Amino acid sequence: MSIPTDLKYTKSHEWVKTEANGTVSVGITHHAQELLGDMVFIELPQVGDTFAQKQECAVAESVKAAADVYAPVSGEVVEINSPLVDNPENINQDAFGSWLFKLKPSNPSELDGLLDAAGYQEVLDSEDH
Amino acid sequence: MLKKTPLNQTHREMNAKMVDFGGWDMPLHYGSQLEEHHKVRQDAGMFDVSHMLPIDIKGENTRDFLRRLVANNVDKLTIPGKALYTCMLTPQGGVIDDLIVYFLSESWFRIVVNAGTADKDVAWILKQRETLAPDLEITPRRDLAMVAVQGPNARTKVWQVIPESKAVTEALKLFQSATINHFFIARTGYTGEDGFEIILPAEEAPAFWKALHAAGVAPAGLGARDTLRLEAGMNLYGQDMDESTSPMESGLAWTVDLKSERDFIGKQALLDSKVSQQLVGLVLQDRGVLRSHQKVTAQHDGQEFEGEITSGGFSPTINQSIALARIASEISPDDEVNVLVRDKKLRVKVVKYPFVRNGNVLI
């Protein structure tokens, strides 16, 4: 599966999409869901929670293991994808289409430090070795 | 260098996701662990269990040797082909391994031990032979492969593939086995479903596996094996029991024979010990997933007790998280119990396991 070029990425396998209103949608990458396997439980943050960059803010659990999801940038949670809680398998089917939560960045310059698709591909390539 | 079973190449041809499992290169799944799980519960699936080790014990005194070596009583094995589930214990009563003993003839018993403990088991058995029965011939059978075919339609599909086996295996009861041509076929398994475990020459395993696949048996990996066995309430060596726990604290008291006069290694320690812990089943009432080593807290008669999950996970059949946990013997299904998951106290219900048997949810 190719890595979408309109998104930004973290080394910890989150994807980030900047929305028109300046908020960012956050999900976990196709690679991450592939590593985890069948997803059975998602724990989302609450609207109004604030997180620092790289702070744990959600949990994705597959049949196999639990994985923390980290805030790709600092900010406040402005929306969560509640229907995903009842259908965590959507992440397996379409990881890049299944956002977990939206953040209002408190320091938008942090976005510039995230990886682009090519940079994320390099991370994946290096993990293979 | 990872160890490989005779089916390693076949797994790769079937696009298995391979993982390092205790030094063995084994299939985790072939696409979806959940689909494989459901296939076994509803139809038929197959597992490569060739990493486990059959050990043949031959000689006139084999039964006497086993009377001393294992905690269950091999005198229950009177009909050739009959199998017995048991533990092999340390003198202190700890579990060296759990295993199945097959009675083939008075001068030939076969035991099948776990993969991760195989080397330790062989060393222990050889050491016991020195003092108990030096004439016995003990042969680890790495030349054999093992395939478990499990599910409500498993036996029918095996008969499609080995038609000549039907006549001799149709009447087999649970925990009985028969030999036909190169196939040693036992009506045993680790999923809570009907089925066979088949031991055959390593070189024949790939063709047999492919024939089963052509007959509609789904390849299933270690992932599904673990969720199925947990639902079936079957203990996993290294998690639910080990050398630091006795079978009495691991839900395996039913496999220990203390009634007969027979003395076995570990018996005195079991008689001298006070059993203060038990293995119970847990069903999570809140959202989340129970995992091994999570802490269990319970209240009984105003007293606080602590325990630990030994095996936990998501149950695909029940669609809730379940677990086995070791906790004080005082705790019963009526008590208030919690599990600590990432600093949150989640509510769990204490139940008797198994959770699922023959496709039916029992809790």
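Our structure is the block above this text.
What comes next is a walk through the structure. (Residues numbered from 1 in each chain as written. Chains lettered and ligands numbered in written order. Predicted model: local features only at pLDDT ≥ 70, side-chain atom pairs only at ≥ 80, totals over all residues. Heavy atoms only, no water.)

### What to know about the sheet that holds strand β14 (residues 277–284) of chain B
Residue and element names in this part refer to chain B. Here we have 6 strands rolled up into a closed barrel, ordered β14-β17-β16-β15-β18-β19, and antiparallel in their pairing. The mean inter-strand angle of the sheet, taken between neighbouring strand axes irrespective of direction, is 40°. Pairing of strand β18 (residues 336–341) with strand β19 (residues 344–351) involves 5 bridges; the strand directions are antiparallel. Considered in β19, the bridge of Asn338 is made with Arg347. (Pairing = 2+ DSSP bridges. Helix = DSSP H or I, 4+ residues; strand = E, 2+ residues; numbered from the N terminus. Axes fitted to C-alpha atoms, helices over the stretch in contact; angles between N-to-C directions.)

### A closer look at the interface of chain A and chain B
Each side of the interface is counted separately: chain A has 14 residues, and chain B has 12 residues. Together, Asp38, Phe41 and Val63 of chain A form the three largest contributors to the area buried by chain A at its contact with chain B, with a combined 40%. Across the contact surface, chain A and chain B share 5 salt bridges. One salt bridge in this structure joins Glu61 of chain A and Arg291 of chain B, with 2.8 Å as the shortest N-O distance. The tally of links between chain A and chain B comes to 12 residue pairs in polar contact (both at pLDDT 80 or more). Residues of the side of chain A that touches chain B, tallied by class, amount to 7 nonpolar, 1 polar and 6 charged. (Contact = heavy atoms within 4.5 Å. Buried area = accessible area lost by both parts, 1.4 Å probe. Salt bridge = Lys/Arg side-chain N within 4 Å of Asp/Glu carboxyl O. Polar contact = N/O pair within 3.5 Å; in protein donor to acceptor, adjacent residues only side chain to side chain. Nonpolar A, V, L, I, M, F, W, Y, C, P; charged D, E, K, R; others polar.)

### So, the packing of aromatic side chains
Under the counting rule described, the total for this entry stands at 7 aromatic pairs over all chains. On the basis of an interplanar angle of 80° and a centroid distance of 6.2 Å, the ring pair of Tyr9 of chain A and Phe96 of chain A is categorised as edge-to-face. Here Tyr9 of chain A, found in strand β1 (residues 8–9), pairs with Phe96 of chain A, found in the loop between α3 (90–93) and β9 (101–105); they are 87 residues apart in sequence, far enough to count as distant. Phe96 of chain A carries the same exposure label as Tyr9 of chain A, and that label is buried. Seen in terms of ring centroids, Tyr102 of chain B and Phe184 of chain B are 5.0 Å apart; in terms of plane orientation they differ by 90°. Their pairing is edge-to-face. One end of the pair, Tyr102 of chain B, is in strand β6 (residues 95–105); the other, Phe184 of chain B, is in strand β11 (residues 183–186), with 82 residues separating them in the sequence. Comparing Tyr102 of chain B with Phe184 of chain B shows no difference in burial state: the two are buried. Taken together, the ring pairs in this structure connect Tyr9, Phe96 and Tyr120 of chain A into an aromatic cluster. (Phe/Tyr/Trp six-rings, centres within 6.5 Å; stacked < 30°, edge-to-face > 60°. Buried < 20%, exposed > 50% of the residue type's maximum accessible area, 1.4 Å probe, protein only.)

### Digging into the pairing of strand β3 (residues 45–48) of chain B
Residue and element names in this part refer to chain B. Here β3 shows a buried face lined by Gly45 and Phe47 and a second buried face lined by Met46 and Asp48. Bridge analysis of β3 against strand β9 (residues 144–150) gives 4 bridges, and the strand direction is antiparallel. For Phe47, the partnering residue across the bridge sits in β9 and is Ala148. Two elements, β3 and strand β13 (residues 218–219), share 2 bridges in a ladder whose sense is parallel. By the bridge assignment, Met46 is partnered in β13 with Pro219.

### Let's talk about unusual backbone geometry
Keep in mind that most residues, glycine aside, have a negative phi and that most peptide bonds are trans. All names here are of chain B. Residue Pro354 follows Tyr353 across a cis peptide bond; omega there is 5°. Topologically, Pro354 is positioned in the loop between β19 and β20 (356–357). Look at Asn181: it is not a glycine, yet its phi comes out positive at around 50°. One can find Asn181 in the loop between β10 (177–180) and β11. Phi at His293 is positive, roughly 80°, even though this residue is not glycine.

### As for the environment of Ser311 of chain B
All names here are of chain B. Structurally, Ser311 is set in strand β16 (residues 303–315). Between the C-alpha atoms of Ser311 and Asn235, which are 76 residues apart in sequence, the distance is 8.5 Å. Dropping the residues within four chain positions of it, Ser311 is found in contact with Arg229, Leu230, Gln239, Asp240, Ser292, Ile322, Ala323 and Leu324. A polar contact is formed between the side chain of Ser311 and the side chain of Arg229, at a distance of 2.7 Å.

### Structural notes on the nonpolar core
Residue and element names in this part refer to chain B. Residues Phe47, Leu89 and Tyr102 are the most contacted members of the largest nonpolar core, which totals 30 residues. Of all elements in the fold, only β5 (83–89), β6, β9, β11 and α8 (222–231) reach the threshold of two or more residues within this core. In contact with Tyr102, not counting residues within four places along its chain, are Gly81, Lys82, Ala83, Trp108, Phe109, Arg110, Val112, Ser177, Phe184, Ala186, Thr188 and Glu197. (Core = buried A, V, L, I, M, F, W, Y, C linked by side-chain atoms within 4.5 Å.)

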